[in-house]
Amino acid sequence: MTRTLSPGALRGADEVSVVICAIAGDDNAYGELVRRRQNTIRQLFRRLCREPALADDLAQQTFLQAWRSVETLKSPAAFGGWLRRLAINTWLQRVRAERHLASTSDIGELPDEAAQPTLTEQLDLDSALATLPPDVRLCITLAYAERMSHSEICEATGLPLGTVKSHITRGAARLRKLLGAYV
């Protein structure tokens, strides 16, 4: 029988201790990790997809995957990065599935870069991000919102360094163009 700590005892504990308890099978500890990290993961997905319901579904998928495999985590101190990596993989799986559906149904072309968005869209960062292709949006979000380095993005996404740099450079230029009304 696995010993579990009360939720109250877990709230004051440092994250490494809570992760160790979760790895040992303490469901309350895992629940505490979800409580601590859910807003960050949901916000990441909301930046990537602009659909709150989908973002919540993807966050739930990420936490379910983490719960199923938390015992494989080698370093409890690496939980945050490990969870973010799971979230990125969940997003990439979603993008691949959408591309597959688009390629089989001739739907899903990317927005024309020459199309002029409305002023509201120009002023709305989320709308501007939505005009970027999914891989570019992911790189931009990881670089600017998650403050990951290019090499960390390469490691997390599996994309080559040149591709990551290109996505960030071109994506940032596109966002500057779309959000030029702010200047």
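This structure is a prediction, so every number in the text was calculated from the model and none was measured.

**A look at the overall build of the protein**
Across its full length, the protein holds ten helices and zero strands. The burial tally for the protein puts 37% of its 183 residues in the buried class. In the protein, once contacts between residues fewer than 6 apart in sequence are set aside, the share between residues at least 24 apart is 60%. As presented, the protein carries roughly 10600 Å² of accessible surface, and 53% of it is formed by carbon and sulfur atoms.

**Some thoughts on the pattern of salt bridges**
A side chain of one charge can pair with a side chain of the opposite charge when the charged atoms of the two come close. Following the criterion strictly, the structure yields seven salt bridges and no others. In this structure, Arg35 engages Glu32 in a salt bridge whose closest nitrogen and oxygen atoms are separated by 2.6 Å. Here Arg35 pairs with Glu32, and both are found in helix H3 (residues 27–49), just three residues apart, close to one helical turn. The partner of Glu146 in a salt bridge is Arg84, and the shortest N-O contact between them spans 3.6 Å. A residue pair is termed long-range when its members are at least 10 positions apart, and Glu146 in the loop between helix H8 (134–145) and helix H9 (150–157) and Arg84 in helix H5 (residues 79–105) qualify at 62 residues. Counted as one network, the salt bridges with shared partners bring together Glu32, Arg35 and Arg36.

**What to know about the packing of aromatic side chains**
Applying the stated criterion to the full structure yields one aromatic pair. Centroid distance Phe79 to Trp82: 5.9 Å. Interplanar angle 40 degrees. Geometry classified as tilted. Taken together, the positions of Phe79 and Trp82, both in helix H5 and three residues apart, correspond to about one turn of that helix. Across this residue pair, the class does not change: Phe79 and Trp82 are buried.

**Here's the deal with helix H10 (residues 161–178)**
Side chains that are three or four residues apart share a direction in an α-helix, a result of its 3.6 residues per turn. Spanning 18 residues, H10 covers 26 Å between terminal C-alpha atoms, matching the ideal 26 Å at 1.5 Å per step. When H10 is considered as a whole, its buried residues turn out to be Val164, His167, Ile168, Gly171, Ala172, Arg174, Leu175 and Leu178. What you see down the axis of H10 is that its buried residues fit within an arc of 165 degrees, all on one side. Exposed positions of H10 whose direction lies more than 90 degrees from the buried face are Gly162, Thr169, Arg170, Arg176 and Lys177.

**Overview of unusual backbone geometry**
For Arg50, which is not glycine, the phi torsion reads 60 degrees and is therefore positive. Its place among the elements puts Arg50 in the loop between H3 and helix H4 (52–69). Positive phi, normally seen in glycine, also occurs at Arg147, with a value near 55 degrees. On the secondary structure map, Arg147 appears in the loop between H8 and H9.

**Examining the nonpolar core**
Ranked by size, the top nonpolar core spans 49 residues in total, and within it Phe45, Trp91, Ile140 and Ile153 carry the most contacts. Elements with a minimum of two residues in this core: helix H2 (15–23), H3, H4, H5, helix H7 (125–130), H8, H9 and H10. Excluding anything up to four places from it in sequence, Ile140 contacts Leu129, Leu132, Ala145, His167, Ile168, Gly171, Ala172 and Leu175.

**Looking at the state of the cysteines**
In the structure shown here, the tally under the stated rule is zero disulfides. Considering cysteine sulfurs only, Cys139 is the nearest to Cys154, which forms no disulfide, with 7.9 Å between them.

**Observations concerning H4**
Here H4 spans 26 Å end to end across 18 residues, near enough to the 26 Å set by a 1.5 Å rise per residue. Among the residues of H4, those classed as buried are Leu54, Ala55, Leu58, Ala59, Thr62, Phe63, Ala66 and Ser69.

**Re the confidence of the model for the protein**
When pLDDT is averaged along the protein, the result is 83; 81% of the residues meet or exceed 70. The model gives residues 106–123 a pLDDT under 50, and that stretch makes 23 contacts with residues more than four places away or in other chains.

**Quick word on the side chain of Thr157**
Topologically, Thr157 is positioned in helix H9. For Thr157, a relative accessible area of 9% corresponds to the buried category. In this structure the side chain of Thr157 is engaged in a polar contact, spanning 2.7 Å, whose partner is the backbone oxygen of Ile153. At 3.2 Å, the side chain of Thr157 forms a polar contact with the backbone nitrogen of Leu159. Contacts of Thr157, omitting those with residues within four sequence positions, involve Arg85, Ile88, Leu92, Leu138, Leu142 and Val164.

Rules used in this analysis
- Residues numbered from 1 in each chain as written.
- Predicted model: local features only at pLDDT ≥ 70, side-chain atom pairs only at ≥ 80, totals over all residues.
- Heavy atoms only, no water.
- Helix = DSSP H or I, 4+ residues; strand = E, 2+ residues; numbered from the N terminus.
- Buried < 20%, exposed > 50% of the residue type's maximum accessible area, 1.4 Å probe, protein only.
- Contact = heavy atoms within 4.5 Å.
- Areas by Shrake-Rupley, 256 points an atom, 1.4 Å probe, with all protein chains shown as cover.
- Salt bridge = Lys/Arg side-chain N within 4 Å of Asp/Glu carboxyl O.
- Phe/Tyr/Trp six-rings, centres within 6.5 Å; stacked < 30°, edge-to-face > 60°.
- Expected span 1.5 Å × (residues − 1).
- Arc of directions from axis to C-beta.
- Core = buried A, V, L, I, M, F, W, Y, C linked by side-chain atoms within 4.5 Å.
- Disulfide = S-S within 2.5 Å.
- pLDDT = per-residue confidence, 0-100.
- Polar contact = N/O pair within 3.5 Å; in protein donor to acceptor, adjacent residues only side chain to side chain.

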